[in-house]
Amino acid sequence: MLLGVDKSGNQEGMTVRLSCRSRSSTQRQLRWNVRRAWREIWMTRALACWMAVAAALWPESAHADTALSWPMAAQAGTWDTSPASGLWITFHPPKQLVVGDIRHARADVQLAAVTLQGAFNQQQRSTRIYLTQTAEDPFWLQHAVPPTVRVTPVSGAARDPDATLRALLTRYGPEISGAIVTDPANPDTVNLATTLAGIEGAMVISPRLVGLVSGSGMHILHDFRDDHLKGTVATYRWAVDHLLPKTTTKDLVLLDPAIAGCLRDYAMATKSFVCYLTSTRPDERRLLNEIFQHSAANTPVLGYIAHEDADVAELSRHGHFLNASDDLTNASVWASLPGPQRFHQSKPIPLRVDPDTVYVAFIASEGDNAQYVQHRMLQLWQDPKFGAVPTGWTIAPGMICFAPTLMAYFYDHLPKNSELLAGPSGVGYATAETGRDLAAFAQMSGAWMRRGDLYAVDYWGGVNQLDTFARFSHVPVISYYHPLPDRHLAGTVVSGQTSGYIGSADELLQTIERQVANAQGGGGQSQRPIFLEPLLDAWHITPTDEYRIAQQLTEFGQRVGRKFVFTTPSVLALTMRGYEDHRSGSLSAHSAQAVEGLGRVPRY
């Protein structure tokens, strides 16, 4: 990978993701904290050194074919997903969905309705409850529910916000065991009540709703106000002692108690243990580690954590991985709807490499986050310039299992010039797995990526983990989240991203222009092709922004004597491989996944 380096040796535009999770709930402001730190990593002659390293690592006889494919070891294993079989809990399909709208209800009404949904859907009857909580939920009801499933509104729901809850209580309240009452003085009891309600098949209510629920004939099974629990550690200590042994060992849910609905229906339907602790506080860390030991290595951790870097490292040190999903709605429904057994996308083919050309592959971030896929990614795919620029869209391979019909939508609407790839870091988000845990994680990642026909993975583990991940996953392409020399590991092409987590379209444009200008320097480098792989901050950069960047880069290239070709990460990897193998001269200049230039820049 050729990178732009400034005269002081700073790699232009490289950023480090410290916290990038955002919330899609209309009830709360988007919460994210993206900090960027410039890293001084190479001196000005790094380009020449990297070319020498790449030449040594890419022997001319290494590859006889020109099409990117799974390594032979992976092909021999067919499409078997047995390493990850049953990794996520799923349910029998329903025949009918009853739909209620709680978008404008108070938080405690949303909590009551979603936990009633979880308690009822846990029973896996022919009818399931579907609740509209976000602006995207009606879309998915229309586009991701098979026609064999009948969809009807809940009867008796009027226009006032509490009407849906009353209607649900009237029709489905008698079908569940009762209600668990939270303690408003201790917000963490929302998670305790969710866990206990999942075990008991009950719903969760605030004290304000006791009269409403009791009036419907429902019994109060437990009231956490009577336990007088105080403090986060003491509260979850009680939960570990009394509830943890009764919960599933197949997953764990970390969920902010301020989130009223969203993932709680799935947590209850699966009888999962729900908590919200962080490794950044020693007393909480000790308790969290005890909870992690409840399950075997490589157990999915659903929801989201309090401190991304520290907590993801901590859970992955225990051999687990994160499936970010805190604002995922109706997961107990999506995990019951069958989807395609196999997913397919266009096979990457290489481009002819010209010496005066800059090859750019944009990667849209956040796809490891299931709620991002369900909400923000859907919004981005409705952008009027969606598909105008080839893009690598990261997704969560696990959604093939626990939300297959949502995934099918993205495969069905993927532009031919773009690709889907696995988000950090494969089957889940992990940064510190080692040894057999890492080998198993890599195996599962490869299995689910093959099932999803995903050729590349956006990898966020340590650089010293790349060899193990490549050897056990057998994935064709690893896109590493820091710059590094391109190389082969166990038949896998490894490339480094050249910039990442820049939230401003103008700043990203300037970063790429500086990288090209630096690579234009002396020493015979000016005629070499340049390969760039920027990571887009998908919370802030839209397809329209990306289109404008590509147009302005085309105009910039005309000024500096460079052509720009925009392509996908897998095509870029294969093109670089062909270039280093000196096999690119007879190949086509374009594929379905490449666009040369984007015309003149409109004035906005």
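Residues numbered from 1 in each chain as written. Predicted model: local features only at pLDDT ≥ 70, side-chain atom pairs only at ≥ 80, totals over all residues. Heavy atoms only, no water.

With respect to the overall build of the protein
Part 1: In terms of regular secondary structure, the protein is built from 20 helices and 22 strands.
Part 2: For the protein, with 604 residues in total, the buried portion stands at 64%.
Part 3: A separation of at least 24 residues holds for 78% of the contacts in the protein among residues at least 6 apart in sequence.
Part 4: Total accessible area on the protein is roughly 21400 Å²; 51% of this is exposed by carbon and sulfur atoms. (Helix = DSSP H or I, 4+ residues; strand = E, 2+ residues; numbered from the N terminus. Buried < 20%, exposed > 50% of the residue type's maximum accessible area, 1.4 Å probe, protein only. Contact = heavy atoms within 4.5 Å. Areas by Shrake-Rupley, 256 points an atom, 1.4 Å probe, with all protein chains shown as cover.)

Some remarks on helix α15 (residues 404-412)
Part 1: Among the nine residues in α15, eight count as buried, and that is most of the element.
Part 2: Buried residues of α15: Pro404, Thr405, Leu406, Met407, Ala408, Tyr409, Phe410 and Tyr411, and no others.
Part 3: Contacts from the buried residues of α15 go to α4 (137-143), α12 (331-334), α13 (370-380), β12 (391-395), α14 (399-402) and β13 (419-422).

Considering unusual backbone geometry
Part 1: Cis peptide bonds are those with omega within 30 degrees of zero, and the linkage from Pro424 to Ser425 qualifies with -15°.
Part 2: The backbone of Cys262 sits at a positive phi, close to 55°, despite the residue not being glycine.
Part 3: By secondary structure assignment, the location of Cys262 is in the loop between β7 (252-254) and α9 (264-269).
Part 4: Accessibility expressed as a relative area gives 8% for Cys262, which makes it buried.
Part 5: Phi at Asn330 is positive, roughly 60°, even though this residue is not glycine.

Points about the sheet that holds β7
Part 1: The four strands lie next to each other as β8-β7-β9-β10, forming an open sheet whose pairing is parallel. Each having just a single partner strand, β8 (274-275) and β10 (321-324) make up the two edges of the open sheet.
Part 2: Here β7 pairs with β8 via two bridges, running parallel. In the sheet register, Leu254 faces β8, and the bridge partner there is Cys275. (Pairing = 2+ DSSP bridges.)

Some points on the packing of aromatic side chains
Part 1: According to the stated counting rule, one finds 29 aromatic pairs in the structure shown.
Part 2: Plain terms: the ring middles of Trp140 and Phe410 are 5.7 Å apart, the flat faces sit at 55° to each other, and that makes the pair tilted. Of this pair, Trp140 sits in helix α4 while Phe410 sits in helix α15, and the two are 270 residues apart along the sequence. Judged on exposure class, the residue Trp140 and its partner Phe410 are both buried.
Part 3: Seen from their ring centres, Phe531 and Tyr579 are 5.9 Å apart, and the 55° between their planes marks the pair as tilted. With Phe531 in strand β19 (residues 530-532) and Tyr579 in helix α20 (residues 569-580), the pair connects residues that are 48 residues apart, well separated along the chain.
Part 4: Residue classification places Tyr579 among the partly exposed positions, given a relative accessible area of 22%. (Phe/Tyr/Trp six-rings, centres within 6.5 Å; stacked < 30°, edge-to-face > 60°.)

Notes on the pairing of strand β14 (residues 456-459)
Part 1: Residues Ala456 and Asp458 line one face of β14 and the alternating positions Val457 and Tyr459 line the opposite face, and both faces are buried.
Part 2: Pairing analysis gives four bridges linking β14 to strand β15 (residues 477-480), with the strands arranged parallel. Counterpart to Tyr459 in the pairing with β15 is Tyr480.

A closer look at the pattern of salt bridges
Where charged atoms from two side chains of opposite charge come close, those side chains can pair.
Part 1: In this structure the tally under the stated criterion is 15 salt bridges.
Part 2: Across the pair Arg281 and Glu284 runs a salt bridge, and its minimum N-O distance is 3.3 Å.
Part 3: By relative accessible area, which is 6% here, Glu284 ends up buried.
Part 4: When the shortest N-O distance is used, the salt bridge between Arg548 and Asp506 registers 2.8 Å. One end of the pair, Arg548, is in helix α19 (residues 543-560); the other, Asp506, is in helix α18 (residues 505-519), and 42 residues separate them in sequence.
Part 5: By relative accessible area, which is 22% here, Arg548 ends up partly exposed.
Part 6: Residue class for Asp506 comes out partly exposed when judged on its relative accessible area of 37%.
Part 7: One network of salt bridges, with partners in common, ties together Arg106, Asp108 and Arg208. (Salt bridge = Lys/Arg side-chain N within 4 Å of Asp/Glu carboxyl O.)

As for the side chain of Asn323
Part 1: Examined against the element boundaries, Asn323 turns out to sit in strand β10.
Part 2: A residue is classified by how much of its surface remains accessible, and Asn323, at 3% relative accessible area, is buried.
Part 3: Setting aside residues up to four positions removed in sequence, Asn323 forms contacts with Trp88, Pro300, Val301, Leu302, Gly303, Val427 and Gly428.

Details of the environment of Leu509
Part 1: By the element assignment, Leu509 lies in helix α18.
Part 2: Residues Leu509 and Glu546, spaced 37 residues apart in sequence, show a C-alpha to C-alpha distance of 9.2 Å.
Part 3: Beyond its immediate sequence surroundings of up to four residues, Leu509 is in contact with Ile549, Gln552 and Leu553.

Structural notes on the confidence of the model for the protein
Part 1: Per-residue confidence for the protein gives a mean pLDDT of 86, with 82% of residues at or over 70.
Part 2: Across residues 1-66, confidence stays below pLDDT 50; counting only partners more than four residues off in sequence or on other chains, it has 186 contacts.
Part 3: Predicted confidence is poor over residues 72-84, with pLDDT under 50, and the contacts of this stretch with residues over four places away or in other chains come to 20 contacts. (pLDDT = per-residue confidence, 0-100.)

Quick word on the environment of Arg487
Part 1: Among the secondary structure elements, Arg487 is positioned in strand β16 (residues 487-489).
Part 2: Put simply, Arg487 and Met576 are 89 residues apart on the chain and 10.0 Å apart in space, counted from C-alpha to C-alpha.

Remarks on the environment of Pro390
Part 1: Position of Pro390 among the secondary structure elements: in the loop between α13 and β12.
Part 2: Note on Pro390: relative accessible area 0%, which makes it buried.
Part 3: Measuring from C-alpha to C-alpha, the distance between Pro390 and Pro569 comes to 9.3 Å, with 179 residues separating the pair along the chain.

As for the pairing of strand β1 (residues 96-101)
Part 1: β1 sits mainly inside the fold: five of its six residues count as buried.
Part 2: Examined bridge by bridge, β1 and strand β2 (residues 127-132) share six bridges and lie parallel to one another. Among the inter-strand pairings, Val98 is bridged to a residue of β2, identified as Ile129.
Part 3: Once the chain exits β1 it traverses helix α3 (residues 107-121) before rejoining the sheet at β2, and the crossover so formed is right-handed.
Part 4: Across four bridges, β1 lies against strand β3 (residues 150-153) in parallel orientation. Following the sheet pairing, Val99 is matched in β3 by Pro153. (Right-handed = clockwise from strand over helix to strand, strands pointing away.)

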